[in-house]
Amino acid sequence: MGAFAQMGIGKKKASLFAAATLVVCLCGLLACSGTNAKTTDSGTKAANETTSVSSSEAVLDPYAWKDQYPNQFNSYIDAGYVKYSDKQPNAHGKVNTFFSGTHFSSMTPEVGCFRCHTSQFGPMVEIYGEDLISMDFETFRREVKVGVTCYSCHGNTPGEMVVANSWVSEAASKGGIETSTENLVCAQCHSLPDWGAITTNGDPSTWSMLQYGLDPDTYWEHFQSKGINDPVVPPEESEFNSYTGSIMDKAGATCADCHMSKHKDASGAEYSGHTFQGVTENEALYENCLSCHKNSTVNERKTAVATVKEEYAQRRAPAQAAIDELSAAIETAIASNSISDSTLKQAQQILSKAIFYLNYGSDWGDGIHIMGNKPIEECFDKAIATANEGLGLLS
């Protein structure tokens, strides 16, 4: 049970806003070159080439936009989104991630995982319909020719924001969630999916938890109704859930406002960098904070961020401790054979619920995303109360 209690709770990287992740969706999605693209004699891909995905709309190779958007394109190149080599281990959405055993060392690969790792996924949904999810994983990955490209955030019209995986925006609308297109672009990969559906159900309308709104109690009830006792809730895949309704969200800040660096080219024209980082990785991004905090300074923002992260850690620790205590108590009860099977099952179910609340309340940005988001901030208290219920059952 100890390992079970830690699964999905585990220690997170310290990174502001977990930053890149939220943005990496908004972004995460903009950048790789297709392996089908032709090359010139010099080894550079031809700018007018496209990567065919056997769809009514081909996914344009990022090199098609190299000349029109050279600064954005080059920043993606610098970030390693195009190369997909092991020399860029932190590049998001890498196709080769799925060709190595390390990525799936603790899970079975599913076709649904590709929704965030290739821009071909949406077009392939159109092609194969409900048969896509049941496709053999090895067969599917052989058809994948590109990772995440400009298409996922912009369609084939860079400069415009497009939610390529339309089922996400449709789910948000169904769930009554009001937000910007810019944030929904990120939500494609950084809002919680219904893992029970996206790995088994071919109907895209079932894939996003956003269709149920954002309330954690409603989510738990949904999982229970589907017989999912141990729902997977990775904080890095639920940042949109954490952020929506927060102080910064209500102030109108988008993911890009915090995670895309601002630059000027040689002519003085401004453009946004497409490396998608947080202040932990790139302290220059503290300058972005001053767009809203106009009377502040970078050093004051650094202090404010450190304070928020410290307070978040202090609030999270008691919830983790309560869950660890319940997990240990269950292990002790099993070892001593001191409780009935029905009581053990009930205690384990209570532990699962406590873990769910801990995970849903956890922020990949160490508290930055969830500031002022009361339903999320209350999750740690719910985790503690739930764990104490289990301890009371075993006492």
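Treat the numbers as computed from the prediction; the structure is a model and nothing was measured. (Residues numbered from 1 in each chain as written. Predicted model: local features only at pLDDT ≥ 70, side-chain atom pairs only at ≥ 80, totals over all residues. Heavy atoms only, no water.)

Caption draft 1: Looking closely at helix H8 (residues 181-190). Of all the ten residues making up H8, eight are buried; the element is thus mostly covered by neighbouring parts of the structure. Asn-183, Leu-184, Val-185, Cys-186, Ala-187, Gln-188, Cys-189 and His-190 are the residues of H8 that are buried. (Buried < 20%, exposed > 50% of the residue type's maximum accessible area, 1.4 Å probe, protein only. Helix = DSSP H or I, 4+ residues; strand = E, 2+ residues; numbered from the N terminus.)

Caption draft 2: Expanded view of empty space enclosed by the protein. On inspection of all chains with the given rule, the structure shows three cavities of 30 Å³ or more. As a volume, the largest cavity reaches approximately 60 Å³. Surrounding the largest cavity, Arg-115, Trp-167, Val-168, Ala-187, Gln-188, Ser-191, Leu-192, Pro-193, Ile-198, Trp-207 and Ser-208 form its lining. Secondary-structure elements contributing two or more residues to the lining of the largest cavity are helix H7 (166-174) and H8. Looking at side-chain class alone, the lining of the largest cavity contains seven nonpolar, three polar and one charged residues. (1 Å grid on protein atoms, 1.4 Å probe; cavity = no way out; pocket = protein on both sides within 12 Å on 5 of 7 lines; lining within 4 Å. Points joined across faces, edges and corners; volume = space filled by probe spheres on them. Nonpolar A, V, L, I, M, F, W, Y, C, P; charged D, E, K, R; others polar.)

Caption draft 3: Layout of the state of the cysteines. As enumerated under the stated definition, the model contains one disulfide in all. Looking at Cys-258, it has no disulfide partner, and the nearest cysteine sulfur is the one in Cys-289, 6.3 Å off. Of the residues examined, Cys-258 reaches a relative accessible area of 16% and is grouped as buried. (Disulfide = S-S within 2.5 Å.)

Caption draft 4: Layout of the nonpolar core. Core analysis: the largest hydrophobic core is formed by 58 residues, its most contacted members being Phe-121, Phe-140, Leu-210, Tyr-219 and Tyr-360. Top contributing element to this core by residue count: helix H16 (residues 341-361), with ten residues. Residue contacts for Leu-210: discarding those within four places in its chain leaves Val-168, Ala-171, Ala-172, Gly-175, Ile-177, Ala-187, Ser-191, Leu-192, Tyr-219, Phe-240 and Asn-241. (Core = buried A, V, L, I, M, F, W, Y, C linked by side-chain atoms within 4.5 Å. Contact = heavy atoms within 4.5 Å.)

Caption draft 5: Quick peek at the side chain of Thr-206. Along the polypeptide, Thr-206 turns up in the loop between helix H9 (195-198) and helix H10 (216-225). At 2.8 Å, the side chain of Thr-206 and the backbone oxygen of Asp-203 are in polar contact. Among all residues touching Thr-206, those that are not within four sequence positions of it are Asp-194, Ala-197, Asn-201 and Gln-211. (Polar contact = N/O pair within 3.5 Å; in protein donor to acceptor, adjacent residues only side chain to side chain.)

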